[in-house]
Amino acid sequence: MTSLVSTSRRPDQPTEAAVPETYRRQSDGTVEIAELWRILWHRRYLILGVAGLLVAATLVYGLITPATYTASAQLLIDPRDRIVVSNDVNPNTVSPDGGIAQIESQTSVIQSTSVLLRAIADTKLTQDREFNGAGFLSGLFGFLRTEEPARDGKLSQAETRTLANLRRKVSVRRADKVFVVDVVVTTQDPDKSARLANAIADAYLADQAEARSQGAREASEALTARLAEQRKRVEAAENAIERYRAEHNLTAASGRLISEQQLTEISTQLSAAQARSALLKAQVEQVAQQRRSGGLAGGSTEAMQSAVVAKLREQESTLVQREADLQSQLGPRHPSIAAARSQLAHVRQLITTELERIQQATRADYDRALANEKLLSAKLDGLTQQTQTSDQASVRLRELQRDLEAVRAVYANFLLRAQETREQATIDTTNARIIGRAQPPQQKSWPPLGLLLAGAGGLGLGLGAGIALIREYASPTLLSPKQAEALIGAPVIGLLPPERKPGGKPKSVAGAKAPLPPDAHVDGIAGLALLRLMEMRGAAPRNAARSILLISTDGDSSERLRTALLLADAAADQGERVLLVDADVDKSQESGAAGLLDVLRGECGLDVAIHFESTQDVALMPKGRQKAAPQKVDGRAFASRMLAEASRHFDIVVMDGGVLTQNIKIAPLVATVEHIVLVGQLYVTQQNEIGRVVEAARLMGRTVTAAVLIDSLDRR
């Protein structure tokens with residue numbers, strides 16, 4: 001015996017395969033983000049098919065759709081307008097929103113009926129088949145139809161159709177935060193697109209000029225009609241003022257009473273004198289405050305502004321610095337220091353004398369200002385008494401003057417406005433101009449076949465990916481080893497690549513005449529899986545051979561058979577004696593010779609049911625003759641006896657258990673084997689099928705011990 005089967009079993013070994021608690025705690029599987037690309041790769045043909053269908057449909061659309069060409073003319077519209085004359089009829093101020101609302105309104109004007117009809121008339125668009133709505137049949141039988149002329153200013157049928165078609169082919173665009181408007185026209189002819197775009201731009205400018213001229217003429221006529229009435233009102237107001245002055249002897253100069261002019265002048269002078277007196281008084285009080293505190297008047301404004309004081313201060317600073325330098329160089333008793341101190345005292349005496357002179361001058365100025373203030377105050381009192389006698393008459397006179405000023409201002413405004421609006425009718429004040437005339441486009445604007453195909457391809461890939469994910473969600477498959485461990489509740493002991501030659505596998509383990517083709521990578525994975533499985537505690541009795549039952553779902557039968565052969569070959573390569581049992585008894589065909597079913601029914605022994613084919617290290621047991629199904633109790637006993645007898649001749653028993661939900665006849669064998677290994681394919685095996693198989697094993701008395709997965713996307 002080698003190390004694979006030499007692992008001893010304790011007497012207290014449980015009857016259930018020991019599974020780590022980590023796997024038992026997980027209830028269901030989840031899809032990891034890293035696995036999404038593998039789902040998409042698995043369903044790549046669906047995704048590519050959807051993308052190809054959309055690309056083909058887009059290609060057909062691009063080939064049958066008539067080409068159209070887009071031309072654009074640019075207009076600059078300034079909301080302020082051009083100021084040719086003042087008081088324009090149209091407001092030239094910018095609105096609080098920066099004129100954006102005005103520009104948006106002008107974009108609607110460009111698409112208005114009046115502008116488009118003007119452009120239609122200029123280009124004779126009603127005769128164009130693309131715009132007048134006349135199709136092939138209408139043009140062929142046009143002689144049968146007579147079109148009635150328009151009446152009462154209404155549009156004719158041709159104009160109505162042309163206008164409607166033109167609206168669908170014209171758009172006005174404006175970029176954000178600019179006053180530039182693009183007039184865009186799309187037709188089937190590049191020259192026609194450019195011609196219509198320029199015609200609409202010209203029609204807009206002409207329409208605006210005509211509208212402003214008409215508005216100015218109407219305003220001028222209304223103002224002229226009111227001028228005669230306003231003139232009479234001004235004359236009546238002037239005559240009333242002259243009569244009142246003559247009656248009350250009120251003399252005026254420059255439109256004002258002389259007494260009022262004098263009173264105003266004296267009042268202004270008094271205010272200035274009071275302000276100067278207050279300023280000088282503050283300076284005098286400041287100097288007095290400094291004298292009372294024991295200091296000099298050097299902090300006053302006059303002292304600080306005095307050039308003499310500033311020069312003496314500079315000399316004082318120089319002497320102080322010189323005295324300090326001499327003391328540091330010659331000592332405090334040197335004659336030069338005494339001379340410097342004498343000069344410093346003399347300068348300070350001069351500063352004191354100058355400050356006292358400034359103080360006396362400030363006091364004298366204050367006295368003169370105070371006297372002037374008193375004089376002006378007396379004059380103001382005298383004039384006030386004189387004007388009090390004529391106040392009653394002045395009130396009425398001022399009222400008449402205000403009436404005259406009001407009617408005179410209105411008359412002047414009417415006269416000026418009438419003249420301006422009369423001239424404005426002949427001047428275009430619209431500040432709009434064409435900054436870029438439309439040119440015939442060199443390339444078609446629709447359909448952009450390359451862009452449409454690229455978009456259709458991207459959309460098709462996205463739509464196909466969405467459909468693939470929806471199909472995956474509707475019928476979820478096994479996506480990852482972690483998900484398999486969560487669903488099964490047992491570890492994944494191996495991840496095998498798919499078979500390179502699917503047609504080379506036998507239909508059953510009993511038909512395996514020779515070992516599988518050599519593949520070092522796959523054999524290494526199978527060997528590691530077998531080692532991991534043997535390290536796990538099993539549920540078989542101590543005297544039984546180590547046994548492995550491989551089961552799968554409906555779609556994994558071929559890979560299950562291949563996995564059984566790989567495990568058997570891996571054990572044989574390590575010197576183990578292997579019994580390979582075909583336990584997939586649910587299939588209709590039978591071997592004709594004694595086999596597993598005969599052993600489970602107790603009709604023959606192990607030595608009769610097995611045979612050797614290519615090597616003495618691997619024996620084969622067919623499924624046996626299809627008779628009655630083994631009894632549950634007796635079948636377990638015979639299965640246990642079979643495994644005990646196999647332990648004397650073999651190290652490992654590998655069984656192909658088929659689909660457990662269908663292979664009910666091997667229920668006695670399920671309850672006695674050591675390990676039950678589920679074989680599944682990533683991205684193929686359905687999750688609900690895994691649940692059914694696991695539940696079937698539990699009902700037969702066991703749980704799944706481990707799992708081996710086939711990576712269906714592996715391309716080694």
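Residues numbered from 1 in each chain as written. Predicted model: local features only at pLDDT ≥ 70, side-chain atom pairs only at ≥ 80, totals over all residues. Heavy atoms only, no water.

Q: Talk me through the overall build of the protein chain; I want residue IDs and the actual numbers.
A: Helix and strand content of the protein chain: 23 helices and 14 strands. Residues counted as buried form 41% of the 716 residues belonging to the protein chain. For the protein chain, contacts bridging at least 24 residues in sequence account for 84% of all contacts bridging at least 6. Of the roughly 38600 Å² of accessible surface on the protein chain, 54% is carried by carbon and sulfur atoms. (Helix = DSSP H or I, 4+ residues; strand = E, 2+ residues; numbered from the N terminus. Buried < 20%, exposed > 50% of the residue type's maximum accessible area, 1.4 Å probe, protein only. Contact = heavy atoms within 4.5 Å. Areas by Shrake-Rupley, 256 points an atom, 1.4 Å probe, with all protein chains shown as cover.)

Q: Lay out the side chain of glutamine 208 with the relevant residues and their values.
A: Assignment of secondary structure puts glutamine 208 in helix 9 (residues 190-248). When near neighbours in sequence (up to four residues on either side) are disregarded, glutamine 208 contacts Gln106, Val109 and Thr430.

Q: Provide a residue-level description of the nonpolar core, including the pertinent values.
A: Membership of the largest hydrophobic core comes to 51 residues, with the highest contact counts inside it found for Leu579 and Leu596. When sequence neighbours within four positions are dropped, the list of residues in contact with leucine 596 reads Val581, Asp582, Ala583, Val585, Met621, Pro622, Lys623, Gly624, Met642, Ile666 and Leu669. Ile493, Val522, Leu566 and Leu567 belong to the second largest nonpolar core, which has 31 residues in total. (Core = buried A, V, L, I, M, F, W, Y, C linked by side-chain atoms within 4.5 Å.)

Q: Describe the sheet that holds strand 14 (residues 706-711), with residues and values.
A: Here we have eight strands laid out as an open sheet, ordered 7-14-13-8-12-9-11-10, and mixed in their pairing. Edge positions in the sheet fall to strand 7 (492-496) and strand 10 (611-612), since each of these pairs with one other strand and no more. As paired elements, strand 7 and strand 14 share four bridges and run parallel to each other. The residue bridging leucine 495 from the neighbouring strand is leucine 709, located in strand 14. (Pairing = 2+ DSSP bridges.)

Q: I'd like a rundown of the sheet that holds strand 3 (residues 180-187), residues and numbers included.
A: Taken in spatial order, the four strands line up as 2-3-1-6 in an open sheet, and their pairing is antiparallel. Here the strands that pair on one side only, and so sit at the sheet edges, are strand 2 (170-174) and strand 6 (432-436). For this sheet, the mean inter-axis angle between neighbouring strands, taken without regard to orientation, is 30°. Bridge count for strand 1 (residues 69-77) against strand 6 is four bridges, and the pairing is antiparallel. The residue of strand 6 that forms the bridge with leucine 76 is arginine 433. Strand contacts of helix 8 (residues 157-169): strand 2 and strand 3, with the helix running at about 35° to strand 2, the strand carrying the most contacts. Packed on one face of the sheet, helix 9 meets strand 1, strand 2, strand 3 and strand 6 and runs near 20° to strand 1. (Axes fitted to C-alpha atoms, helices over the stretch in contact; angles between N-to-C directions.)

Q: Just give me the short version of the side chain of threonine 68, but keep the residues and values in it.
A: Along the chain, threonine 68 falls in the loop between helix 3 (44-64) and strand 1. Apart from the residues lying within four places of it in its own chain, the contact partners of threonine 68 are Thr186, Thr187, Gln188, Lys444, Ser445 and Trp446.

Q: I'd love a proper account of the environment of glycine 691, names of residues and values included.
A: Within the secondary structure, glycine 691 is located in helix 23 (residues 687-699). Overall, the relative accessible area of 37% leaves glycine 691 in the partly exposed class. Each C-alpha atom, one on glycine 691 and one on isoleucine 488, is 7.4 Å from the other, the two residues being 203 residues apart in sequence.

Q: An account of the pairing of strand 9 (residues 578-582) is requested, with residue identities and associated values reported.
A: In terms of burial, strand 9 is largely enclosed, as five of its five residues are buried. The side-chain alternation of strand 9 yields two buried faces, one formed by Val578, Leu580 and Asp582 and the other by Leu579 and Val581. When strand 9 meets strand 11 (residues 618-621), the two strands line up parallel, connected through four bridges. When the sheet's bridge partners are listed, valine 581 is paired in strand 11 with methionine 621. The pairing of strand 9 with strand 12 (residues 652-659) spans five bridges and is parallel. The residue bridging aspartate 582 from the neighbouring strand is aspartate 656, located in strand 12.

Q: Please set out the confidence of the model for the protein chain residue by residue, giving values where relevant.
A: Of the residues in the protein chain, 77% have a pLDDT of 70 or more, and the chain-wide mean is 78. Looking across the protein chain, the model is least confident in helix 1 (residues 21-24), with a mean pLDDT of 47, and most confident in strand 3, with 94. For the stretch residues 24-29, pLDDT sits under 50, and the model shows 12 contacts to residues farther than four places along the chain or on other chains. (pLDDT = per-residue confidence, 0-100.)

Q: Outline the environment of arginine 398, supporting the account with residue identities and numerical values.
A: Tracing the sequence through the fold places arginine 398 in helix 14 (residues 391-424). Between the alpha carbons of arginine 398 and isoleucine 241 there is a distance of 9.1 Å; along the sequence they are 157 residues apart.

Q: Can you explain unusual backbone geometry? Please cite residues and give values.
A: With an omega of 0°, the peptide bond between tryptophan 446 and proline 447 qualifies as cis. In this fold, proline 447 is placed in the loop between strand 6 and helix 15 (449-474). A positive phi angle, near 65°, is found at lysine 177, a position not held by glycine. Checked against the element boundaries, lysine 177 lands in the loop between strand 2 and strand 3. The backbone of tyrosine 683 shows a phi angle near 70°, a positive value even though the residue is not glycine.

Q: Any chance you could break down helix 5 (residues 113-123) for me, citing the residues and the numbers?
A: Taken residue by residue, helix 5 has Val115, Leu116, Ala119, Ile120 and Thr123 as its buried positions. For helix 5, the buried positions fall inside an angular range of 135° around the axis, keeping them on one side. More than 90 degrees from the buried face of helix 5, the exposed residues found are Ala121 and Asp122. Buried residues along helix 5 sit in contact with helix 4 (100-110), helix 8 and helix 9. Two residues or fewer past helix 5, lysine 124 is found with a positive phi of approximately 55°. (Arc of directions from axis to C-beta.)

Q: With reference to specific residues and values, describe the packing of aromatic side chains.
A: Tallied over the entire structure, the rule returns zero aromatic pairs. One residue, arginine 44, lies across the ring of tryptophan 41, its end atom 4.2 Å from the ring centre. Between the NZ or CZ atom of lysine 169 and the centre of the ring of phenylalanine 131, over which it lies, the distance is 5.9 Å. (Phe/Tyr/Trp six-rings, centres within 6.5 Å; stacked < 30°, edge-to-face > 60°. Lys NZ or Arg CZ within 6 Å of the ring centre and 35° of its normal.)

Q: Can you lay out the packing of helix 5 against helix 8 for me, pointing to particular residues and giving the numbers?
A: Two elements in contact, helix 5 and helix 8, have axes whose closest approach is 10 Å; the angle formed by their N-to-C orientations is 105°. When the interaxial angle is binned, helix 5 and helix 8 end up roughly perpendicular. The segment helix 5 lies against helix 8, with Thr113, Leu116, Leu117 and Ile120 engaging Thr162, Leu163, Leu166 and Arg167. The residue makeup of the contact of helix 5 with helix 8, split by class, is five nonpolar, two polar and one charged. (Parallel < 35°, antiparallel > 145°, perpendicular 65-115°, else oblique. Nonpolar A, V, L, I, M, F, W, Y, C, P; charged D, E, K, R; others polar.)

Q: Go over the pattern of salt bridges with me, naming the residues and quoting the values.
A: If charged atoms from side chains of opposite charge come close, those side chains can pair. Counted by the stated rule, this structure contains 18 salt bridges. Several salt bridges share partner residues, and in doing so they unite Asp128, Glu130, Lys169 and Lys192 into one network. (Salt bridge = Lys/Arg side-chain N within 4 Å of Asp/Glu carboxyl O.)

Q: Hey, could you go over helix 23 for me, with residue numbers and the actual values?
A: Taking 1.5 Å per residue, 13 residues should reach 18 Å; helix 23 reaches 19 Å between its end C-alpha atoms and fits that length. Along helix 23, the positions that sit buried rather than exposed are Gln687, Ile690, Val693, Val694, Ala696 and Ala697. Elements in contact with the buried residues of helix 23: helix 16 (481-488), strand 8 (546-552) and strand 13 (675-682). In the stretch just after helix 23, glycine 701 is the one whose phi turns positive, near 105°. (Expected span 1.5 Å × (residues − 1).)

Q: So what about the environment of arginine 396? Which residues, and what values?
A: Take arginine 396: it is sitting in helix 14. A relative accessible area of 37% places arginine 396 in the partly exposed class. A C-alpha to C-alpha distance of 8.6 Å links arginine 396 and tyrosine 244, two positions 152 residues apart in sequence.

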